[in-house]
Structures are given as structure tokens and as C-alpha cells.
Amino acid sequence: MTTAPSSIEMLKRLVAFDTTSRHSNLDLIHYIRDYLGDFGIESTLVPNAEGTKANLFATIGPRQEGGIVLSGHTDVVPVDGQPWETDPWTLTEKPDGNLYGRGTCDMKGFIAACLSHVPAFQKARLKVPLHFAFSYDEEIGCLGAPALVEKLVGAVPRPQAVIVGEPTMMGVVNAQNAGGGIIATFTGVEAHSSMTHLGVSAIHFAGDFIHWLNELQVELAQRKRTDIDTVPGHTTINVGIVTGGTAGNILARECTLNWGYRTLPGDDPWEVQRRAEQYVAELLLPKMKAKHPDARIELKRRSFVPGLLPQENEEAAKLALQWTGGNRTYAVPYGTEAGIFRGHGIPTVICGPGDISQAHQPNEFVAKAQMDACDAFLDKMTGWATK
Ligand SMILES: [Zn+2]
């Protein structure tokens, strides 16, 4: 029988694949498929429409209800322009006890621990199945997971709980914000900048929109909640990318804003988009069209990540707390794929090695002790699954 590498050895292999979201993840997915195949485990691939990326799921143990889904995303954020001290695609252990490399904490560490446990899962006499669910394009708006979850839920008997292994320092997270990403495209009419009456600047109206978002942000911050322990405890808005314009002396024809918002679990996740659409339709676009009838504004949803409500995930939290030995749950402000699983009615928690403050940073690392804690968690889970 094939022997498995340790979690850290496996992490070294996974980090070496540059799975930045803009690239294909197929090399990594095929590696995992072949690795599982060596243990006689069959993988199901769920590709994207272009066939350039794929999700993967696989089952170990009996085909029956009550299993556990171990979920992770295979893509990582870019390293462009970040001051890395080591090669981001080579796992580097330093004397500080940390393992450096892109994706170490977000979130190949968890996937590596799961894969290295495959022989242990097989050797154990599992009474319920363990499922792997590995996605693509989480980092650019959870684009891969919806199809993965849909396929998995249709293919396997109903699982009992999902563990999403995003970095939580192995704490059990049962609540998370919802989030939406929107592209706002402003189309104006070009004119010489000395003849402002002849055209309409897309950039100036995009500026009005940003100003409106700022005011909305101030209003929403006043509705701060204390019943959920996330910081800052209210809806947040961010304009992440602004593009547009041709020259300093031309009224800009186009301006695009890539912006988004995050709402607390339980708050209306559609409010910001609805109010933005209303503002554009009733106030901003009429003002723009008054300058020139050809002016246009389009708001297009780029992504949506559903939130996670604590009371809907108690069963999963109870199990995960057993395996971590923890005694409390946490809420987080960032989005993960957890809400997508919960949307299919499966209790879901987030629990994985590493610190979220390391994620997306240069010199990202996971502490070796965190990998050990994740190994111990999976060992306890295995024991539970044999009872
Ligand atoms: Zn992540």
C-alpha cells in the first residue's frame, strides 16, 4: 500500500502549485486526483464552463448518511508587488517554527492535513463517510463552490456536517458575514476638457457614487450590533478598484468601480445593492442624462457569498468543539464557502489551521503547531467516525 506524506510534506507539494485565481488549478486538482487514485479512491471533477478549472470531491468510507464534509479552496491570492522574503511557491521552514509560502494558511494547510490523513481514514473502520470537497475561485467571490456543492449534495447521501478549513487558529466559527461584489460601469460622453458643456464625465459621476457609498457607510455604521462578536460589528462597504479615463484634458468616457459590501449574519444581505440601484435609477442617472442623453450607468453583480447564522449550525459546532477540545464558538467578518453549504441545509462551521491575519499577506505562514493541532483534530474526528 502507498504510504502517505506527513501534513507538512503534503503542504510543501501543494504550495509548489501556483494556483493564483487567475491561473488554472488543474495541475493541482489532477495531482490530488492521482494521489487519491493511488489509494483506490475515486474523485469526481466538476469543471468550470471553459474547462480551465475544476472542483473535486471524493468519498472515503461507507456510502451512507451522516458523513462529514471536509471543505477547502485550492486557489490563492496573487503575490504581485508584495515584498516576500522567501520564494512564495517553496514551503520554507524558519527557526521561528513557522512554515512560509503562499496559501500555507489560506488554505492549503487544511487541505494538506486532510490528504495526509487518507491512509488513516482508510484504515479506520469508518461507520460514516468522510467527503473531501475542494473548490476553485473562492478568492474571487466563491465562484466555483456553488456547482461543487450542488453536485456533491446530489451525489452523496446527506452529510451531517461540513467543516470549512479556513484559518481560524482551530477555533470553531459558526457565524460569518454575507458579502456582495458589484461592478458599476459609468459611460459618459467624451469632450475636450475646455468644453465641459458638450460631454459628460464618467469619472465625475463615479465620484458622486463613491461619495454616496461613503454616506451610506456612515449611516450603516450607526446600526452597530452587539449581539454578534465581530469587529467592526456593522455592514462595511469598500470600493476596491477604480479604472477609467483617457487623458487629463478629456472628459472621461468610461469609469468602472469594482466595489463590494459585507453584512452581518441575520441582516438583509440585499439592502446595499437595492439602495444603490434605487439611488442610481432615481437620482444619479437622471442627473447624468440631463447633461447628455447617451449617458449610462450599469450595476452588475459580480459575486455573492451568503452569510452563516449561529443557530443554524449548532450540530456542526457541537461536533467540531468535541474534536478541538474548545468550549466556545466565534463569529468572523469575512466570507467563506460555509454559507453555500448551509444554503443546502447542512450544518456548517469554519475551523482550520493558521491565523486569518496572515492570509493574503506577504510572507504568509502557518505555524507548525497549528498543523499539529489540525492533525489532532482529524485524528479525533476519525475516532468519532468509527463509533
Ligand atoms: Zn481562504
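Residues numbered from 1 in each chain as written. Predicted model: local features only at pLDDT ≥ 70, side-chain atom pairs only at ≥ 80, totals over all residues.

**Structural notes on the packing of helix α8 (residues 314–324) against helix α10 (residues 368–385)**
Then, in step 1: Between α8 and α10, the least distance of the axes is 8 Å, while the angle of their chain directions is 120°. It follows from the interaxial angle that α8 and α10 lie oblique. For α8 against α10, the interelement crossing comes out right-handed. Here Gln322, Trp323 and Thr324 of α8 lie close against α10, whose contacting residues are Phe377, Lys380, Met381 and Trp384.
Then, in step 2: Its residues assigned to classes, the contact of α8 with α10 shows four nonpolar, two polar and one charged. (Axes fitted to C-alpha atoms, helices over the stretch in contact; angles between N-to-C directions. Helix = DSSP H or I, 4+ residues; strand = E, 2+ residues; numbered from the N terminus. Parallel < 35°, antiparallel > 145°, perpendicular 65-115°, else oblique. Left-handed = near helix turned anticlockwise from the far one by under 90°. Contact = placed C-beta atoms within 7 Å. Nonpolar A, V, L, I, M, F, W, Y, C, P; charged D, E, K, R; others polar.)

**Topic: the pairing of strand β13 (residues 329–332)**
Then, in step 1: Burial along β13 is two-sided: the residues Thr329 and Ala331 and Tyr330 and Val332 are all buried.
Then, in step 2: Pairing geometry for strand β8 (residues 172–176) and β13, over four bridges, is parallel. The residue of β13 that forms the bridge with Val172 is Thr329. (Buried ≥ 20, exposed ≤ 12 C-beta atoms within 10 Å, placed from the backbone. Pairing = 2+ DSSP bridges.)

**Topic: unusual backbone geometry**
The general pattern is negative phi for most residues beyond glycine and trans for most peptide bonds.
Then, in step 1: In this model, Asp106 is joined to Met107 through a cis peptide bond whose omega is -10°.
Then, in step 2: At Asn363, a residue that is not glycine, the phi angle is positive and equals roughly 55°.
Then, in step 3: Following the sequence through the fold, Asn363 ends up in the loop between β14 (348–350) and β15 (365–367).

**Details of the sheet that holds strand β5 (residues 98–100)**
Then, in step 1: If you walk across this open sheet you meet the three strands as β4-β5-β15, and the pairing is antiparallel. Edge positions in the sheet fall to β4 (92–93) and β15, since each of these pairs with one other strand and no more.
Then, in step 2: Bridge count between β5 and β15: three bridges; the pairing is antiparallel. The partner of Asn98 across the bridge, within β15, is Ala367.
Then, in step 3: Contacts from α10 reach β5 and β15 within the one sheet, and its direction differs from that of β15 by about 65°.

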